[in-house]
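Here's the letter readout for the chains.
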Amino acid sequence: MEPLTWTGSLSLLNPVLAALAALLVLAILARIALSFFATEPAVVVNPDGTATAPNGLWSLSVTAGKWLFLSLVGVLVLYIVGGVVTPLGSGGIFGAAAKKFLPVWIALVVLFAVSLRFKRRLGLYGKLFDSTIGMIGFGLVMFWVFTAIFADMIVMHDPLGQISQLKNKAPGVALPDGSGWYIFGGDHLGRDVFSRMIKGSQVVIQIAPLATLFAFMVGITLGLPAGYYGGKLDSGLSFLANLILAFPVILLFYLLVTPEIVTTGLPQFMAVALFIFPLVFLTILLNSRYYVQPQRRNLMVAAVLGIGGWLYLSLISTPGTAVSFFPAAIDLFDVPPNILIVFVSVVFVNSPTVFRIVRGLTLDIKTRDYVSAAQTRGERPWYIMLWEILPNARGPLIVDFCLRIGYTTILLGTLGFFGLGLSPESPDWGTTINAGRRLLTIAPHPAIVPAVALMSLVLGLNLLADGLREESLRD
Amino acid sequence: MLKFILRRLGVMLLTAFALTFVVFYLTNLAPNLEKLARSEGSVRMTEEAVTAWIEQNGHSGPVLMRYGQWLGVVPGWTFTDEKGVTRGRCIAQDGDAALAPRYCGVLQGNWGYSTVFKQPVGPALLEKLGATGWLMLWVMIVMVPVSLILGVLSGMREGSAMDRTLSTFAIVSTATPEYVSGVVLVALFATATTGLSPLLIDMGLLEPKKTLFLASSTSAMDNITFWNFTLPVMTIALYGIGYIARMTRASMTEVMTQQYIRTARLKGVNFRSVVMKHALRNALIAPFTVIMLQFPWLLNGVVITETLFNYKGFGWTLVTAASNNDIQLLLGCSVVAVLVVLVTQLISDIGYVYLNPRIRIS
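Here the structure is a predicted model, which means the values were calculated and not measured.

*Asks:* Give me the lowdown on the overall build of chain B, citing residues and values where you can.
*Replies:* A tally of helices and strands in chain B yields 15 helices and four strands. Whereas a compact globule of 362 residues would reach a radius of gyration of roughly 21 Å, chain B reaches 26 Å, over 25% beyond that. Dimensions of chain B along its principal axes, counting C-alpha atoms only, are 90 × 65 × 30 Å. By the burial criterion, 49% of the 362 residues in chain B qualify as buried.

This is the structure:
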């Protein structure tokens, strides 16, 4: 079979795309240049209540920019539609990729259609669809989330299968038996770069949000009392947080994740300590709320402790390691030890920063009148912290949560890049970049593909955080 | 002010001791020492031989005492074998045991012996730090002016086309970790098969088989050129530029909404002098602390970039020490890293107080 070209039969769209892109760049440059000379004209409100934007070079460049951007997006959609409707292979590499991503496109279209339809009823999430930046970010993030969910339908080959003839072959290379292509080429062992990237998204999407959530539980559970009570507790906890923050992250990873340290069980003991925080958090949360209704409280706390405790014990206990006490019969699941260690170190690195943010927010909010009101009516401290202060700190915390998932993704990539924790076979993006970088000058694609994937996910999270910040400030 | 500095110094020293102890404890755990014994002695040593080696080389005993020895506040270990030869921490190879000093730790300037580089840690580390110093110098020369200009330009007219374009650039660059931008930069500029170099060769602007920049910076150890040093510098700078530019922008937009700026504008001062004379000085206080606090992140970037471009500086040394179980070298590296972080924190605290007249005068 012939190797695939980049766009195949869709190449008639290429000149259109190039022309539109060039014009868009021109329009943006013109707008920047004009912003030095022309002052931005405000929209004029007519006496009858209508508004008109004045004409002129400036508004011309604005309008041109808007339409060019929209038509650029339209052409890109055409590429995707073209790839989906033409048979696999005739649409070139992009067409084939677009076709394989079909479940993701459908899910994205459904999600956006539903969200846009009901955006007025969806609170902050709905408001996100008022900002272009936020929508682009959300789209990028959900693209990778759906990719992780539908990964098994998208992959074209076994991500670990090696075909030795295809070592370091360029994107679009055909399989020797003629049954298909490696659309993004082969890596240094002759594995499919495309399938590895798809599988790699699963690792990130599984670990990063969950690890960030755990870090938030730790940070909130410790940051609220530190900010609220102040004094010795605050100084002690802040000193500890600063201690961890003063550690260069990579040194910490090397100290925690090397095999010698792992055999001593240290990361697992850290897991025992860190993973108890979600449990503590939920218990205190429910206890402080339903303290006055003992029966209901007892039921809820018992449920949380029962189910949560079981999950917690199953999570930390792994047979054959330093922490294995839970009988196998009732052990729900075993996290592979290396994944657990990666998880723990990422949570450990993130928690102090969250602690500092929560502490700062608490210091600010505890001076508000509604906190004094709650104190006056005799609410207990934990109720005030969790049900008065925390809900009012949610805006900055949600924004930081998005940013922090991105940062956690970067950290996971760093761990993979140094070959720490995850197995060298693992398809996660950091490990793949690390494997690809050695042959970067001969065959750059095995490293470029996961690098761009990682960047687009982090970029999406940053844009999403930006959009959320903008919309939550508008309230 | 003096009291403030003294208190900060005290906390800093406490932090430094706590952190070095943690590193010491983690690097001197039993499995690490066992690995060290096997790599220094022989791989096929029996369990007893390993235990004996650990005891004879001063790695046994309570960890606090060993930390004290390393620090230089507890007398160094000595061991006399059956032939009557005394070896010890403070005794040089075939030196006289009687003449050796009792204390020799970091405080006395003895950083131990690196098993990877086969030379004392102190000089080895100093040489590598010098190399990283050059890298950091160029990163700073590129990063600081560019990010401040970008931040001020986008912050002086919030919401303008310039602001939107530059902010997008800043977001993209903060979303690109060093190992991604490094890989992309190499693919764009430093391979003979993809990116710009083949185009330039076709156009006759570049000799065949050559690339626009070099993907390996090993040669920059002896001779820094534009050709071999641009990519590592750009890789580190890109990540920082976005972050500092965003901070500068935030600070600039805040200053631009202040009353005195409006007053100046209403008096009829033109926009340029309002920005240059009234806004800029106040807007640069926050970025100063940000740049200072950026150092720990830069340290991360340095480790990644030096590994990626094979530039044998401090970051490369840290990775080499950690992956080869070179305990003394790793300890030395962590002391340097921790000190860099703490000193920059101190400078940023003091600088913030000094630069901000409202705090300085009260």
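*Asks:* I'd like a description of the pattern of salt bridges, backed by residues and values.
*Replies:* What the rule picks out here adds up to 17 salt bridges over all chains. Linking Lys 199 of chain A and Asp 152 of chain A is a salt bridge whose minimum nitrogen-to-oxygen distance equals 2.8 Å. Taken together, the residues Lys 199 of chain A in helix α8 (residues 193-229) and Asp 152 of chain A in helix α7 (residues 151-154) connect sequence positions 47 residues apart. A salt bridge links Glu 47 of chain B to Arg 38 of chain B; its shortest N-O distance comes to 3.4 Å.

*Asks:* So what about the interface of chain B and chain A? Which residues, and what values?
*Replies:* By convention, interface size is frequently given as the accessible area that disappears when the constituent parts associate. On the chain A side, the residues contacting the 54 residues of chain B number 46 residues. Here chain B packs against chain A, burying approximately 4400 Å² in sum over the two surfaces, 78% of which is carbon and sulfur. Taken together, the links from chain B to chain A amount to one salt bridge. Measuring nitrogen to oxygen at the nearest pair gives 2.8 Å for the salt bridge that ties Arg 246 of chain B to Asp 466 of chain A. The interface formed by chain B and chain A holds four residue pairs in polar contact (both at pLDDT 80 or more) in total. The set of elements that each furnish at least two residues to the side of chain B that touches chain A consists of α1 (2-27), α2 (30-40), α6 (161-174), α7 (178-189), α9 (226-256), α12 (285-309), α13 (314-323) and α14 (327-355) of chain B.

*Asks:* Give me the lowdown on α8 of chain A, citing residues and values where you can.
*Replies:* Residue and element names in this part refer to chain A. Taking 1.5 Å per residue as the helical rise, α8 with its 37 residues ought to reach 54 Å, and the 53 Å between its terminal C-alpha atoms agrees with that figure. Burial analysis of α8 places 30 of its 37 residues in the buried class, the great majority of the element. Two residues or fewer past α8, Gly 230 is found with a positive phi of approximately 65 degrees.

*Asks:* Before we move on, can you summarise the side chain of Thr 221 of chain A with the specific residues and values?
*Replies:* Residues and elements named next belong to chain A. Residue placement: Thr 221 occurs in helix α8. Relative accessible area serves as the criterion here: at 7%, Thr 221 is assigned to the buried category. Residue contacts for Thr 221: discarding those within four places in its chain leaves Phe 277, Val 280, Phe 281 and Trp 382.

*Asks:* Go over empty space enclosed by the protein, please, and point to the residues and values.
*Replies:* As enumerated under the stated definition, the model contains five cavities of 30 Å³ or more in all. Considered as a void within the structure, the largest cavity measures approximately 130 Å³ in volume. In this structure, the largest cavity is lined by 13 residues; those nearest its centre are Ile 410 and Thr 414 of chain A together with Glu 178, Asn 300 and Ile 304 of chain B. The set of elements that each furnish at least two residues to the lining of the largest cavity consists of α10 (249-257) and α18 (394-417) of chain A together with α7 and α12 of chain B. Sorting elements by how many residues they give to the lining of the largest cavity places α18 of chain A first, with four residues. Split into classes, the residues belonging to the lining of the largest cavity amount to 10 nonpolar, two polar and one charged. Taken as a whole, the second largest cavity holds about 110 Å³ of empty space. What lines the second largest cavity is a set of 15 residues, among which Thr 27, Asn 32, Ala 322, Asn 325 and Leu 330 of chain B lie closest to the centre. Counting only elements with at least two residues in the lining of the second largest cavity, the list comes to α10 and α11 (259-264) of chain A together with α1, α2, α13 and α14 of chain B. For the lining of the second largest cavity, the residue count by class is eight nonpolar, four polar and three charged.

*Asks:* Provide a residue-level description of the packing of helix α16 (residues 369-376) of chain A against helix α17 (residues 381-392) of chain A, including the pertinent values.
*Replies:* Residue and element names in this part refer to chain A. Between α16 and α17, whose axes approach to 11 Å, the crossing angle comes to 165 degrees. Regarding the angle of α16 to α17, the classification is roughly antiparallel. Considering only the axes of α16 and α17, their crossing is right-handed. Contacts between α16 and α17 involve Tyr 370, Val 371, Ala 374 and Gln 375 on the former and, on the latter, Ile 384, Glu 388, Ile 389 and Asn 392. Its residues placed into classes, the contact of α16 with α17 shows five nonpolar, two polar and one charged.

*Asks:* Outline the packing of aromatic side chains, listing residues and values.
*Replies:* Both the distance between ring centres and the angle between the ring planes are used here to describe each pair of aromatic rings. Residue and element names in this part refer to chain A. Going through the model one piece at a time under the given rule, you end up with 31 aromatic pairs over all chains. A ring pair is formed by Phe 101 and Phe 194, whose centres lie 5.9 Å apart and whose planes are at 75 degrees; its orientation type is edge-to-face. One end of the pair, Phe 101, is in the loop between α3 (92-100) and α4 (102-117); the other, Phe 194, is in helix α8, with 93 residues separating them in the sequence. The same class applies to Phe 101 and to Phe 194, which are both buried. Summarising the aromatic geometry, the rings of Phe 184 and Phe 194 are spaced 5.3 Å apart at their centres and angled 85 degrees between planes, so their arrangement reads as edge-to-face. Within this pair, whereas Phe 184 is found in the loop between β4 (181-182) and α8, its partner Phe 194 is found in helix α8, the two being separated by 10 residues in sequence. Taking the relative accessible area as the measure of exposure, Phe 194 reaches 0% and is therefore buried. Through a chain of ring-to-ring contacts, three or more aromatic side chains come together here, namely Phe 101, Trp 105, Phe 143, Trp 144, Phe 184, Phe 194 and Trp 429.

*Asks:* Which residues make up the domain arrangement of chain B, and what are the values?
*Replies:* Residues and elements named next belong to chain B. Domain annotation of chain B identifies domain 1 (2-121) and domain 2 (122-361). The straight-line distance from the C-alpha centre of domain 1 to that of domain 2 is 37 Å. On the domain 2 side, the residues contacting the 28 residues of domain 1 number 26 residues. Carbon and sulfur atoms supply 74% of the area buried between domain 1 and domain 2, which totals about 2500 Å² over both sides. Ranking the residues of domain 1 by area buried against domain 2 places Met 12, Phe 117 and Val 121 at the top, with a combined share of 25%. Run the count over domain 1 and domain 2 and you get zero salt bridges. At the junction of domain 1 with domain 2, the criterion picks out eight residue pairs in polar contact (both at pLDDT 80 or more). Elements with a contribution of two residues or more to the side of domain 1 that touches domain 2: α1, α2, β3 (113-114) and β4 (119-120).

*Asks:* Tell me about unusual backbone geometry, and name the residues and values.
*Replies:* All names here are of chain B. Of note, Lys 118 is a non-glycine position whose phi angle comes to about 55 degrees, a positive value. Structurally, Lys 118 can be placed in the loop between β3 and β4. Taking relative accessible area as the criterion, Lys 118 reaches 54% and is therefore assigned exposed.

*Asks:* Before we move on, could you go through the nonpolar core and cite the residues and values that matter?
*Replies:* Residues Ile 183, Phe 194, Met 197, Phe 275 and Phe 418 of chain A are the most contacted members of the largest nonpolar core, which totals 152 residues. Looking at this core, you find at least three residues from each of domain 1 (2-121) and domain 2 (122-361) of chain B. Beyond its immediate stretch of four places on either side in the chain, Ile 183 of chain A contacts Leu 4, Ile 93, Ala 96, Ala 97, Met 156, Pro 171, Gly 172, Asp 192 and Phe 194 of chain A. In this structure, Met 143, Met 162, Leu 166 and Val 302 of chain B belong to the second largest nonpolar core, which totals 23 residues.

Rules of the game
Residues numbered from 1 in each chain as written. Chains lettered and ligands numbered in written order. Predicted model: local features only at pLDDT ≥ 70, side-chain atom pairs only at ≥ 80, totals over all residues. Heavy atoms only, no water. Helix = DSSP H or I, 4+ residues; strand = E, 2+ residues; numbered from the N terminus. Rg over C-alpha atoms; globule rule 2.2 N^0.38 Å. Buried < 20%, exposed > 50% of the residue type's maximum accessible area, 1.4 Å probe, protein only. Salt bridge = Lys/Arg side-chain N within 4 Å of Asp/Glu carboxyl O. Contact = heavy atoms within 4.5 Å. Buried area = accessible area lost by both parts, 1.4 Å probe. Polar contact = N/O pair within 3.5 Å; in protein donor to acceptor, adjacent residues only side chain to side chain. Expected span 1.5 Å × (residues − 1). 1 Å grid on protein atoms, 1.4 Å probe; cavity = no way out; pocket = protein on both sides within 12 Å on 5 of 7 lines; lining within 4 Å. Points joined across faces, edges and corners; volume = space filled by probe spheres on them. Nonpolar A, V, L, I, M, F, W, Y, C, P; charged D, E, K, R; others polar. Axes fitted to C-alpha atoms, helices over the stretch in contact; angles between N-to-C directions. Parallel < 35°, antiparallel > 145°, perpendicular 65-115°, else oblique. Left-handed = near helix turned anticlockwise from the far one by under 90°. Phe/Tyr/Trp six-rings, centres within 6.5 Å; stacked < 30°, edge-to-face > 60°. Domains from an automatic or database assignment. Core = buried A, V, L, I, M, F, W, Y, C linked by side-chain atoms within 4.5 Å.

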